[in-house]
Amino acid sequence: MDVTIETPRTLLEGTNYIYTESTNSEKLPVVCVHGIGSSHDTWTGLATVLHPAGYSVLAYDLMGRGDSRYPENNIFDAASHVDQLRKLITSLRINVDAEGKPRRYHMVAHSMGGAITAAYCALHGAEVQSTVLLAPAGLMSMAGPLWLIRNCCGCFRSFVKSALQSGQENAWRQDFVDPKGERANAQVARLSKLNARVPTHFEALWQCILQFPLGGLDKEVQQLAESNTSVFLIWGYMDKAVPFDNYTKWRRVLETANPDMEKSTKKTIQFQTFKELAHGLFLDSPEDFHDSIREFLDKCA
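Keep in mind the model is a prediction, meaning the values are calculated, not measured.

Trainee: Would you take a moment to explain the overall build of the chain for this structure?
Mentor: Counting its secondary structure elements, the chain contains 12 helices and nine strands. With respect to the principal axes defined by its C-alpha atoms, the chain has extents near 55 × 45 × 40 Å. The 301 residues of the chain split such that 53% are buried. Summed over all atoms, the accessible surface of the chain reaches about 13,600 Å², with 52% contributed by carbon and sulfur. Charge centroids of the chain, computed over 30 positive and 34 negative side chains, lie 3 Å from each other.

Next up, the structure:
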């Protein structure tokens with residue numbers, strides 16, 4: 001099987017992406033959406049498993065993150081992120097085959113990327129064959145810290161922003177079971193280099209905290225649950241970024257909308273949790289994820 005790898009480039013409003021295209025036309029493409037403060041290379045490990053299995057894989061940088069352009073209008077809401085993704089998918093013809101006929105595709109998403117995926121599927125879910133959601137945001141409580149940050153005065157907000165920026169390394173490490181382990185160190189090195197190279201990267205993260213609906217996407221999640229799109233929901237008990245109680249919320253919606261999911265022939269609903277993993281679960285223990293994700297995609301073909 002021949003695999004052609006295209007290097008990252010700028011496309012449509014400055015979106016940076018890498019699309020590794022397989023000549024295996026029997027496998028549906030996979031679109032990967034990273035989390036709030038990461039970049040497309042979050043998916044490098046997964047891509048090395050999916051490519052040889054015949055999957056074409058698209059990974060891209062969210063607006064303002066990585067090498068994607070920071071939006072001039074400074075808008076980081078759900079609609080803007082969905083629009084960015086939609087333009088990329090249609091421009092690369094992910095949603096049509098070689099003959100121009102409609103084609104479905106899979107989506108794999110982490111954290112805020114999961115919330116983007118839910119919002120995207122609310123509009124374009126008829127095209128999406130399956131979603132793999134790793135600790136997705138979207139149903140987080142908007143009370144507490146998030147409410148305080150969004151509603152506090154300018155001086156306090158500046159203080160919080162400064163504290164978050166100076167505490168980034170600690171936050172990155174908390175995504176791993178062993179904060180000082182080899183994989184945590186590799187993640188810190190990658191993100192530190194990225195933030196140093198792209199000064200606006202943190203600003204984009206901060207604007208998402210202020211503007212993006214990390215919670216409140218109940219309608220969109222409900223629509224996803226009621227659709228014919230298969231869902232694989234994965235979470236770590238030790239998650240501090242999107243705490244495990246959010247897993248309970250997501251699972252309840254999926255189970256309520258699909259009471260006979262074990263007998264369904266139209267879609268697959270699958271759950272997996274890990275007691276010893278946190279928010280960076282698929283980076284912390286890739287051996288527990290890559291093959292299971294590939295197997296799920298194969299099942300949902």
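Trainee: Would you explain the nonpolar core in this entry?
Mentor: One broad rule of soluble globular proteins: the nonpolar side chains tend to lie buried together. Residues Leu-85, Met-107 and Trp-250 are the most contacted members of the largest nonpolar core, which totals 60 residues. Not counting residues up to four positions away in its chain, the partners in contact with Leu-85 are Val-31, Val-33, Tyr-60, Met-107, Ile-116 and Tyr-120. Core analysis: the next-biggest nonpolar cluster, separate from the first, contains 24 residues, Val-30, Val-57, Leu-134 and Phe-274 among them.

Trainee: Please explain the packing of helix α3 (residues 112-124) against helix α9 (residues 218-226) as it appears in this structure.
Mentor: Two packed helices can be described by the angle between their axes and the distance between those axes. The contact between α3 and α9 brings their axes to 8 Å, and the two run at 65 degrees. The interaxial crossing formed by α3 with α9 has left-handed handedness. The segment α3 lies against α9, with Ala-118, Ala-119, Cys-121 and Ala-122 engaging Glu-220, Val-221, Gln-223 and Leu-224. Of the residues assigned to the contact of α3 with α9, the class counts are six nonpolar, one polar and one charged.

Trainee: Looking at this structure, how should I read the packing of aromatic side chains?
Mentor: Any two aromatic rings considered together are summarised by their centre-to-centre distance and by the angle between their planes. Using the criterion set out here, one finds nine aromatic pairs in the structure. Plain terms: the ring middles of Phe-232 and Phe-296 are 5.0 Å apart, the flat faces sit at 40 degrees to each other, and that makes the pair tilted. Separated by 64 residues along the polypeptide, Phe-232 in strand β8 (residues 230-236) and Phe-296 in helix α12 (residues 290-299) bring together distant segments of the chain. The two residues Phe-232 and Phe-296 agree in class, both being buried. Geometrically, the ring pair formed by Tyr-237 and Phe-244 is stacked, given 4.2 Å between the ring centres and 15 degrees between the ring planes. Judged by relative accessible area, Phe-244 falls into the buried class, the value being 17%. Here a set of aromatic residues connected by ring pairs shows up, and it is made of Trp-235, Tyr-237, Phe-244, Tyr-247 and Phe-271. Directly above the ring of Phe-271 sits Arg-251, whose terminal nitrogen or CZ lies 4.0 Å from the centroid.

Trainee: How should the pattern of salt bridges be read in this particular structure?
Mentor: Pairing between side chains becomes possible if they bear opposite charge and their charged atoms approach one another. Evaluated as defined, the whole model comprises 12 salt bridges. Residue Glu-127 pairs with Arg-86 through a salt bridge whose shortest N-O separation is 2.7 Å. Taken together, the positions of Glu-127 in the loop between α3 and β7 (128-134) and Arg-86 in helix α2 (residues 78-91) put the pair 41 residues apart, joining distant regions of the chain. Each of the salt bridges in this network shares a partner with another, and the network as a whole consists of Lys-27, Asp-291, Arg-294 and Asp-298.

Trainee: Can you walk me through the packing of helix α5 (residues 154-166) against helix α8 (residues 201-211) in this structure?
Mentor: One way to put it is that α5 packs onto α8 with a least axis distance of 11 Å and a crossing angle of 130 degrees. In terms of axis orientation, α5 runs oblique to α8. For the pair α5 and α8, the sense of crossing is right-handed. Of the residues in α8, those in contact with Arg-157, Val-160, Lys-161, Leu-164 and Gln-165 of α5 are Phe-202, Glu-203, Trp-206, Ile-209 and Leu-210. Across the contact of α5 with α8, the residue classes break down as six nonpolar, one polar and three charged.

Cut-offs applied
Residues numbered from 1 in each chain as written. Predicted model: local features only at pLDDT ≥ 70, side-chain atom pairs only at ≥ 80, totals over all residues. Heavy atoms only, no water. Helix = DSSP H or I, 4+ residues; strand = E, 2+ residues; numbered from the N terminus. Buried < 20%, exposed > 50% of the residue type's maximum accessible area, 1.4 Å probe, protein only. Areas by Shrake-Rupley, 256 points an atom, 1.4 Å probe, with all protein chains shown as cover. Lys, Arg positive; Asp, Glu negative; His and termini not counted. Charge placed at Lys NZ, Arg CZ, Asp CG, Glu CD. Core = buried A, V, L, I, M, F, W, Y, C linked by side-chain atoms within 4.5 Å. Contact = heavy atoms within 4.5 Å. Axes fitted to C-alpha atoms, helices over the stretch in contact; angles between N-to-C directions. Left-handed = near helix turned anticlockwise from the far one by under 90°. Nonpolar A, V, L, I, M, F, W, Y, C, P; charged D, E, K, R; others polar. Phe/Tyr/Trp six-rings, centres within 6.5 Å; stacked < 30°, edge-to-face > 60°. Lys NZ or Arg CZ within 6 Å of the ring centre and 35° of its normal. Salt bridge = Lys/Arg side-chain N within 4 Å of Asp/Glu carboxyl O. Parallel < 35°, antiparallel > 145°, perpendicular 65-115°, else oblique.

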